[in-house]
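Report on the structure
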Amino acid sequence: MSDSHSSTTAEMMPEDNDIPVPGLEAGVEEEREYVGLLYSRLDELRAEKEVQLAKVRSVGSSGTMQNASERDAFAAMYEDRLAQLNAVDDRLVFGRLDHDSGECRYIGRIGLTAANHQRLMLDWRAPEAGVFYQATAFERQGVRRRRHLLLKRREVHGVEDDVLDASMLEEDSHNHGDGALLAALTARRTGQMGDIVATIQSEQDRIIRAGMPGVMVVQGGPGTGKTAVALHRAAYLLYSNRDRLKSAGVLIVGPNSTFMSYIDRVLPSLGETGVVLSSLSELFPGVRGIEEKDPSVEELKGRLDWVQIIAAAVRHRQRTIPDVRDVTVDGTRVGVTPKMVNRALERARATGKPYNEARTTFVKVLVKEIAEKLERIIEKRSEGNEADRSYLTEDVRSARDVRVLLNLCWMPRSPQGLLEDLFAKPDYLADVAPQLSPAQRERLRREPGADFTTADVPLLDEAAELLGALDVTAGREAARQKAAQARSLENAQRAVENATPQLEEMGIEGFLDAQAVVDMNTETGPRLTAAERAQVDRTWTYGHVVVDEAQELSPMQWHVLMRRCPLKSFTIVGDIAQGSSPSAASSWQEAMEPFVGERMRVEELTVNYRTPGTIVELAERVAAANGLTTTSLRTVREGDYPPVVEKVETDQLISAATAAVGAEHERVGEGLVAAIVPERLLGATRRALVSQFGSRVGRGAGSLTEDILALSADEAKGLEFDAVVLVEPAEILEETAGRVGSLYVALTRPTHALHVVAARELPAGF
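The numbers attached to residues start from 1 for each chain and follow its sequence in the written order. Totals for whole chains, interfaces and linings use all residues, but because this is a predicted model, local features are given only for residues with pLDDT of at least 70 and pairs of side-chain atoms are given and counted only at 80 or more. Side-chain measures were taken over the full set of non-hydrogen atoms in the model, leaving aside hydrogen atoms and water.

Moving on, we come to the UniProt feature "binding site: ATP" (unreviewed entry) in the chain. UniProt positions are given in the numbering used here, feature names are shortened, and annotations may be inferred rather than shown by experiment. In the numbering used here, UniProt assigns the "binding site: ATP" (unreviewed entry) feature to Gly220, Gly221, Pro222, Gly223, Thr224, Gly225, Lys226 and Thr227. A contact between two residues is defined here by any heavy atoms of the two lying within 4.5 Å. The contacts of Pro222, once residues within four sequence positions are left out, are Asp575, Gln578, Asn608, Arg610, Leu633, Tyr744, Thr748 and Arg749. The helix and strand labels rest on DSSP assignments: H or I over at least four residues marks a helix, E over at least two residues marks a strand, and numbering proceeds from the N terminus. One can find Lys226 in helix H6 (residues 226-240). To sort residues, take the accessible area from a 1.4 Å probe on protein chains only and compare it with the maximum for the residue type: under 20% means buried, over 50% means exposed, and anything in between is partly exposed. Look at Lys226 and you get buried, because its relative accessible area is 9%. Here Lys226 is in contact with Val218, Gly220, Gly221, Val573, Gly574, Asp575, Gln578 and Leu605, once residues within four sequence places are set aside.

Of all the residues in helix H24 (residues 588-596), the buried ones are Trp588, Ala591, Met592, Phe595 and Val596. Projection of H24 onto a plane perpendicular to its axis shows the buried side chains occupying an angular sector of 85°, all on one side. Contacts from the buried residues of H24 go to strand E7 (215-220), helix H23 (555-564), strand E13 (570-574) and strand E14 (600-605). Just downstream of H24 lies Gly597, where phi reads positive at about 60°. This arc corresponds to the set of directions leading from the helix axis out to the C-beta atoms.

Bringing the environment of Arg288 into the picture now. Among the secondary structure elements, Arg288 is positioned in the loop between strand E9 (276-279) and helix H10 (295-301). Between the alpha carbons of Arg288 and Thr454 there is a distance of 7.5 Å; along the sequence they are 166 residues apart. Residues contacting Arg288, with those up to four places away along its chain left out, are Ser257, Ser281, Glu282 and Phe452. Polar contact criterion, stated in full: a pair of N or O atoms within 3.5 Å, where within protein one must be able to donate a hydrogen and the other to accept it, and residues adjacent in sequence count only if both atoms are side-chain atoms. Side-chain polar atoms of Arg288 contact the side chain of Ser257, separated by 3.3 Å. Polar contacts involving the side chain of Arg288 include one to the side chain of Glu282, which spans 3.5 Å.

Ring geometry is summarised as follows: Phe, Tyr and Trp rings, the Trp one being its six-membered ring, pair when their centres sit within 6.5 Å, and such pairs are stacked at plane angles under 30 degrees, edge-to-face over 60 and tilted between the two. Summed over the entire model, instances satisfying the criterion amount to six aromatic pairs. The interplanar angle of 90° and the centroid separation of 5.2 Å between the aromatic rings of Phe132 and Tyr133 together place this pair among those described as edge-to-face. Given the relative accessible area of 4%, Tyr133 is considered buried. Chaining the aromatic ring pairs together yields one cluster made of Phe94, Phe132 and Tyr133. Two thresholds decide whether a charge sits over a ring: the Lys NZ or Arg CZ must be within 6 Å of the ring centre and within 35 degrees of the ring normal. Directly above the ring of Tyr428 sits Arg317, whose terminal nitrogen or CZ lies 4.1 Å from the centroid.

Glancing now at unusual backbone geometry. Backbone geometry places Arg153, a non-glycine residue, at a positive phi of 55°. Among the secondary structure elements, Arg153 is positioned in the loop between strand E5 (143-152) and strand E6 (155-163). Of the residues examined, Arg153 reaches a relative accessible area of 54% and is grouped as exposed. At Lys568, a residue that is not glycine, the phi angle is positive and equals roughly 55°. Mapped onto the secondary structure, Lys568 falls in the loop between H23 and E13.

Here we come to the sheet that holds strand E19 (residues 708-711). As summarised here, the arrangement of the five strands in space is E17-E21-E20-E18-E19, forming an open sheet in which the pairing is parallel. Across the chains shown, the open sheet's two edge strands, defined by having one partner strand only, are strand E17 (644-647) and E19. Each neighbouring strand pair of the sheet contributes to a mean axis angle of 20°, computed without reference to strand direction. Whether two strands pair comes down to DSSP finding at least two bridges between them. Judged from the six bridges that link them, strand E20 (residues 721-727) and strand E21 (residues 750-758) form a sheet pairing that is parallel. When the bridges of E21 are listed, Val724 appears paired with Leu754. Every axis corresponds to a line fitted to the C-alpha atoms, with the helix fit spanning only the stretch in contact, and the corresponding angles, defined between N-to-C directions, vary from 0 to 180 degrees. Sheet strands in contact with helix H26 (residues 653-667) are E17, strand E18 (673-676), E19, E20 and E21, and its direction is about 160° off that of E21. Lying on the sheet, helix H27 (residues 682-693) is in contact with E18 and E19; it crosses E19 at an angle near 170°.

Here we come to the packing of helix H16 (residues 415-424) against helix H19 (residues 457-467). Contact geometry of H16 with H19 gives a least axis separation of 8 Å together with a crossing angle of 120°. The angle between H16 and H19 places the two elements in the oblique class. Helix-helix and strand crossings are classified by hand; for H16 and H19 the assignment is right-handed. On H19, the residues that touch Pro415, Gln416, Leu418, Leu419 and Phe423 of H16 are Leu459, Leu460, Ala463, Ala464 and Leu467. Polar here means any residue outside two lists: the nonpolar Ala, Val, Leu, Ile, Met, Phe, Trp, Tyr, Cys and Pro, and the charged Asp, Glu, Lys and Arg; Gly therefore counts as polar. Residues that form the contact of H16 with H19 fall into these classes: nine nonpolar, one polar and no charged. Under this scheme an angle from 65 to 115 degrees is roughly perpendicular, one under 35 degrees roughly parallel, and one over 145 degrees roughly antiparallel; angles in between are oblique. Handedness of a crossing is defined here by the sense of rotation of the near helix relative to the far one, left-handed for an anticlockwise turn of less than a right angle and right-handed for a clockwise turn.

This part covers the nonpolar core. When a protein is soluble and globular, its nonpolar side chains tend to lie buried together. As used here, the term nonpolar core means buried Ala, Val, Leu, Ile, Met, Phe, Trp, Tyr and Cys residues forming a set that is joined through side-chain atoms within 4.5 Å. Among the nonpolar cores identified, the biggest contains 86 residues, and Trp306, Phe362, Leu422 and Trp558 are the most heavily contacted of them. Tallying contributions element by element places helix H13 (residues 355-381) first for this core, with eleven residues. Look past the residues within four positions of Trp558 in its chain and what remains in contact with it is Val547, Ala550, Leu553, Ile572, Ala591, Met592 and Phe595. Of all hydrophobic cores here, the second largest spans 70 residues; its members include Leu97, Leu711, Leu754 and Val756.

On the basis of which strands lie adjacent, the open sheet formed by six strands has the order E3-E4-E2-E1-E5-E6 and mixed pairing. Looking along the sheet, the strands with just one partner apiece sit at the ends: strand E3 (112-113) and E6. Bridge count for strand E1 (residues 93-99) against strand E2 (residues 104-108) is five bridges, and the pairing is antiparallel. Its bridge partner being in E2, Val93 is matched across the sheet by Gly108.

Attention now moves to the pattern of salt bridges. A carboxyl oxygen of Asp or Glu within 4 Å of a side-chain nitrogen of Lys or Arg is what we treat as a salt bridge. On inspection of all chains with the given rule, the structure shows 50 salt bridges. Note that Asp421 is salt-bridged to Arg317, the shortest N-O span being 3.3 Å. A residue pair is termed long-range when its members are at least 10 positions apart, and Asp421 in helix H16 and Arg317 in the loop between helix H11 (305-316) and strand E10 (325-329) qualify at 104 residues. A single network of salt bridges, built from pairs that share partners, joins Glu30, Glu31, Arg96, Asp98, Arg145, Arg147 and Asp161.

Given below as structure tokens:
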């Protein structure tokens, strides 16, 4: 909470309150005029960019390469700027700073300047805007008053002042308080995460604005705003390091697709549209992993042992022959010796290329040796005939016997095929994974064609890294394109240099680089942003990676993410106490030491903004009673509703849970209510809720837009709801083999009310 004096905001007042409040209405009217000016300027810029984009597109493709580069540079700039201007329309401005000097500055989602270059509004990420979040009554930093503008869409509905200069308290003002924060905390949930840009607190701002290099771990308990801080930090880094991150991009990784859909609107609302968001199941392009049903298999696949196992599996597919093998080429028999095969294998391995690319060398060397031997045989038969026999190499390459031999010794492999064989062929797995016991290998066994799981994704990625492209011509084509791009780079650089002064005059910086122009000129399809290209390119390396719910990641998942960012520039957020996966670490040092050693810094968030104190107290008591150590958090409010614990008969469990959902839905003003239930009861609970509430019930974890949801504890991770009905907590505890993290997560999801329904004995602490 802030250090300033407190009162009520216009937004929080009852709608039927007719009593005028001196100062309050005047403040609202004053701000409405200026906010109207800002929106008029936003609309002007949109219209201007639309006209400029249409004009550039109408020019056509004529002219020199440099002219084409300049045209495409402006088109790219106008498209990016339009996307940004369209994304920030809702609640464009949210703050105002009144300085000791008499200067007044407005703070918003992006920076705006007038046509005469007068600054109208500061981007919240600008250094000068930092004091909006950092100034206090004890350290004013030159700020007399911080005003929060409370908007609904484009309309000002209230203002609220944090008066930092005591002399101003004598002025006729009734707008003081902490209501902006409380209004945001108590607002009805919608199933989409909102940004916190207007209410960032000092401890959060310190983390958001920290320097980019290195690994920062943000440890925070439930409700501390970890996810919001991580997303706002991504937006801040893109703003302050745009030269470096524009082309390399930022990757944000979350636990599942439900979580990713929950957060996907936050960054566009902050003026950033070029970030890649990916769940752990989607890190390998073309594969969307399903849940691993057996926790012991999930833990087994998460071990770093798979780096050695996959490498051995790849080497295993490079074989020699035990003795001479005859091949027939156009009716002539040629004996291929083990020595010939071994020479080709050694030459291929010596290239150091990935498996499929090195195979090209193997084929070339062995085919050449067979062709030379075939030529000697033919010459011996037809002494004195010196005809051209250069065709023999192609005859050898296309001969069926030779193709069979080449594939026997070095079969082209895809990552999916390699993993399928490992799990479907016990002898193969035994040969390459002696560190696994027979029982462990049996648990991994599955039939070919089975769906890949989230735990398989890092193994596929490791295999792809060692195998390389299956189509060996892809590498040559990529090299050809790279050379063509290099030849165009000089022209593109000149185009950017010519365009930059005009962009800066428009108040636009950092939207363009020469490489982006080159990429645009060489693409034949629609223009792709760096983020769009990165999503489909497994080998893409990012400038920065943000990992949320990071306590759940396995060592193999960390191994893959480290490959995505060789510079090891990471923001890692999570709560060790909430770990519920079989691979969850017991400390950040344990999780990160194999990858970054001690080269990390740990920051901590200590205030729970989301969960009422009465619910936090229960959650911490249950966690402690079941052996889970949690960080004791301060809460900003006690809450209006104490937790409800209801015991019922077993045959009444589902009906009682359905009734509780209805009661809580009504109690919190028809807000977002989630029934968090054991996996075994998930289907029955959803059916009962649909029967009772119809279309108001979401279809599952992928749908967060309806009022009522039924989720497992794992699906609820990272989300928040107005009320939670927690069903049979003892079974949730059993599902995770006694790990308390999932139960602790479920208990801390509500922003208003918690209702526990149980037929079995409650776990300790209730």
